[in-house]
Amino acid sequence: MPVPLIDTHTHLGDPVFDADREAVLRRAAAAGVCSVVVVTESHDEIARNLALSERHPEFRLAFGQYPTRLDRTEARQFVESIRAHRERLVAIGEVGLDRWKVQEEDQRTTQRELFSQFIDLGLELDLPLNVHSRSAGSHAIELLLQRGARRVQMHAFDGKHSKAKAAVEAGYFFSVSPSIVRSNQQRKLVNLLPMGCLLLETDSPVLGPLREERNEPANVAVSLGVIAELKGVCVEEVRERVFDNTVRLYGEAILG
Ligand SMILES: [Zn+2]
């Protein structure tokens, strides 16, 4: 039996999967995926994802406020819900910084303030952070290090390797999505990152191998293949390494 695969960042609660979520999860299982980390963007997704997780044993829940939302009231609701459901969660996410969509300085200040709250909460509750950092890789890493974050996954990191180095040294992880097949920047990054910090993700329904097609967890196999090719090792070795990495970050809770 090959070791199982884990998709460490998906939006599988999204209504775009309502019509065929069962089939999507069946294809994931057929591809060897045992668990999917399901993140939130807004607070109103929490009830839905809790209900879905009752029906789908593969679901591993993460609650967090998407970094472009900048709503302090909602952030407070998130903090309360994360505390209330601590035992059901494997992570806080997705949270982070986004300097692509948020360009005004005062909004960026709010964004840092909200992200800081989630970083501190992760430390307090000993939960990993599932981090978004679009056009903000170095800013996010700097803030995480400054506040002493220990359990961190940088999802869809779009920064340079030079910016990622401090995060690797701090023991942070980087998840690789299937969009790596169409991104030289991602291939360059993965080529330079040590295998000991790599995880698999899909960010379903986006970041698929083809931009115009809905992405799904079975496609972690695509990321796996590209990592093996870049590192010049067999797929089985990558599979074992990313499995170990995933369990190191998330603990046994990720396996169910
Ligand atoms: Zn996402």
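Above this text is the structure in question.
Residues numbered from 1 in each chain as written. Predicted model: local features only at pLDDT ≥ 70, side-chain atom pairs only at ≥ 80, totals over all residues.

> A description of the overall build of the protein chain should follow, citing residues and the corresponding values.
What the protein chain contains, in helices and strands, is 9 helices and 8 strands. Here the C-alpha atoms of the protein chain give a radius of gyration of 17 Å, agreeing with the 18 Å that 2.2 N^0.38 yields for 256 residues. For the C-alpha atoms alone, the extent of the protein chain along its principal axes is close to 45 × 40 × 35 Å. With 256 residues in all, the protein chain has 46% of them scored as buried. For the protein chain, contacts bridging at least 24 residues in sequence account for 71% of all contacts bridging at least 6. (Helix = DSSP H or I, 4+ residues; strand = E, 2+ residues; numbered from the N terminus. Rg over C-alpha atoms; globule rule 2.2 N^0.38 Å. Buried ≥ 20, exposed ≤ 12 C-beta atoms within 10 Å, placed from the backbone. Contact = placed C-beta atoms within 7 Å.)

> Give a description of the nonpolar core that names residues and reports values.
Of all hydrophobic cores here, the largest spans 67 residues; its most connected members are A62, I92, L129, F174 and L198. Here F174 is in contact with M154, F157, A164, L193, C197, L198 and L199, once residues within four sequence places are set aside. (Core = buried A, V, L, I, M, F, W, Y, C linked by C-beta atoms within 7 Å.)

> Any details on the packing of helix α8 (residues 220-231) against helix α9 (residues 235-250)? Residues and values, ideally.
The N-to-C vectors of α8 and α9 enclose an angle of 110°; their axes lie 9 Å apart at closest approach. The pairing of α8 with α9 is recorded here as roughly perpendicular in orientation. α9 is crossed by α8, and the crossing has right-handed handedness. The residues of α9 that touch α8, namely those facing L224, G225, I227, A228 and K231, are V235, V238 and R239. Here the contact of α8 with α9 is composed, by residue class, of 5 nonpolar, 1 polar and 2 charged. (Axes fitted to C-alpha atoms, helices over the stretch in contact; angles between N-to-C directions. Parallel < 35°, antiparallel > 145°, perpendicular 65-115°, else oblique. Left-handed = near helix turned anticlockwise from the far one by under 90°. Nonpolar A, V, L, I, M, F, W, Y, C, P; charged D, E, K, R; others polar.)

> How would you sum up unusual backbone geometry? Please name residues and give values.
With omega at 5°, the peptide bond leading from G93 into E94 counts as cis. Position of E94 relative to the elements: it lies in strand β4 (residues 89-96). Following S204, the chain continues to P205 via a peptide bond in cis, the omega torsion being 15°. The backbone of S135 shows a phi angle near 55°, a positive value even though the residue is not glycine. Assignment of secondary structure puts S135 in the loop between β5 (129-132) and α5 (137-146).

> Go over α9, please, and point to the residues and values.
Helix length check: α9, at 16 residues, gives a terminal C-alpha distance of 22 Å against a target of 22 Å (1.5 Å per residue), a fit within 8%. All of the buried residues in α9 are V238, R239, V242, F243, N245, T246, L249 and Y250. For α9, the buried positions fall inside an angular range of 165° around the axis, keeping them on one side. Residues of α9 that are buried sit in contact with β1 (5-10), β4, β6 (152-155), β7 (173-176), β8 (198-200) and α8. Count one or two residues on from α9 and you reach G251, which has phi positive near 80°. (Expected span 1.5 Å × (residues − 1). Arc of directions from axis to C-beta.)

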